[in-house]
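The primary structure of each chain is shown beneath.
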Amino acid sequence: MKRRSILAAGVAALALATGGAFADGHEKTKVGFIYVGPIGDGGWTYEHDKGRLAVEAEFGDKVETVYQESVPEGADAERAITQMALQGADIIFTTSFGYMDPTNAVAAKFPDVKFEHATGYKRETPNVSTYSARFYEGRAIQGHIAGKMTKTNKIGYIASFPIPEVIRGINSAYIHAKKVNPDVEFNIIWAYTWFDPAKEADAATALIEQGADVILQHTDSTAPQAAAQKAEGVITFGQASDMGEYAPLPRVSSIIDDWAPYYIARVGAVMDGTWESSDTWDGIGAGMVAIGEISDAVPADVKAEALAMKDALADGSYHAFSGPINKQDGSVWLAEGETAADFGDDGLAGMSFYVEGITADIPN
């Protein structure tokens, strides 16, 4: 071992022995968050910020947290992440898919800073980790409820961007709606935004005008809930956060992202020196995906079926993608008795096709 490495190791050991200070002498662990939307969006960013607050509650004055909200994906993100690293952050969580390349670019320049990227897959340097949740498990439950409750047999879906995460959700919801209602149709509108209340409201209104009496969304604001409430006779599901202010109708349940345990664990790993690059993809069983209370607007038998599916997804006795399932072109994806888990997660992680029965095209 080189003399410089021996000295560095000695300083780090001394720091841990004398109360946890870092090698450069600073006492607090500085934790940064880069958000794609505002913390008050009521959905995606709101839940990530709850995770930040949970870190503060867990570690008290041993940590300092900082955040920047409404950071566009792309060059703006790289500048924001760089600035946060320059300001002394020890670990930075970048919380949107489009931050993937900027995160890796900045990480290469700051090898002593830990970077955690949400919903991505690139880990180009040893100081980058990735993490995501199996939202498609929650979509399966939503699809079941939607297929049972629609009266028009038309379900509207507000999609954000045509990436595997969103495509998985559409497929999972459709498969489970179709299982309980063979006549169901999906109409999909691509909003090309994660958070834009005006666009989201317009998309919801357009879907309702097309006859949809169920609206699902993979966007972050509560605007689709408000549009459905105004229309009456339309049900919705909370996205990323509970959106419980719209219960019992139109919001009949929700997918809730619980990032707090992960954030606490990863910050703790930085503090005790055990942080390592990793990839985490957890779902209902691990608690990263929660299902919001199913309201009394859902018939009792449908609620019982949905909760049974939740339990089966949680304990692994059921997989949301269980064969037989064909691709949109009619070719076999999963045969009878097969599940996506039989082939590892690579196929799901890169999903770029619709399943059979969805008539729309995936945009380029």
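Thresholds applied
Residues numbered from 1 in each chain as written. Predicted model: local features only at pLDDT ≥ 70, side-chain atom pairs only at ≥ 80, totals over all residues. Heavy atoms only, no water. Helix = DSSP H or I, 4+ residues; strand = E, 2+ residues; numbered from the N terminus. Buried < 20%, exposed > 50% of the residue type's maximum accessible area, 1.4 Å probe, protein only. Phe/Tyr/Trp six-rings, centres within 6.5 Å; stacked < 30°, edge-to-face > 60°.

A. Representation of unusual backbone geometry in the model. Looking along the chain, the bond that leaves Ala-247 and enters Pro-248 is cis, with omega of 0°. Relative to the elements of secondary structure, Pro-248 occurs in the loop between β9 (235-238) and β10 (251-257). In this chain, Gly-323 is followed by Pro-324 through a cis amide linkage whose omega measures 10°. With respect to the helices and strands, the residue Pro-324 is situated in the loop between α10 (300-315) and β13 (325-326). One non-glycine residue with positive phi stands out, namely Ser-70, at about 55°. The residue Ser-70 is located in the loop between β2 (63-68) and α3 (75-86) in this model. Assessed through its relative accessible area of 41%, Ser-70 is described here as partly exposed. A positive phi angle is found at Glu-232, which is not glycine, with a value near 65°. With respect to the secondary-structure elements, Glu-232 resides in the loop between α8 (223-231) and β9.

B. The packing of aromatic side chains, seen in detail. Overall, the coordinates contain 22 aromatic pairs when judged by the stated rule. A centroid spacing of 5.2 Å and a plane angle of 85° characterise the contact between Tyr-174 and Phe-186, whose relative ring orientation is edge-to-face. Linking Tyr-174 in helix α6 (residues 164-180) with Phe-186 in strand β7 (residues 185-190), this pair joins segments that are 12 residues apart in sequence. The pair formed by Tyr-174 and Phe-186 is uniform in burial state, with each residue classed as buried. Ring centres of Trp-333 and Phe-353 lie 5.3 Å apart, and the angle between their planes is 75°; on these two criteria the pair is classed as edge-to-face. Placement of the pair is Trp-333 in strand β14 (residues 332-334) and Phe-353 in the segment after α11 (346-349), with a sequence separation of 20 residues.

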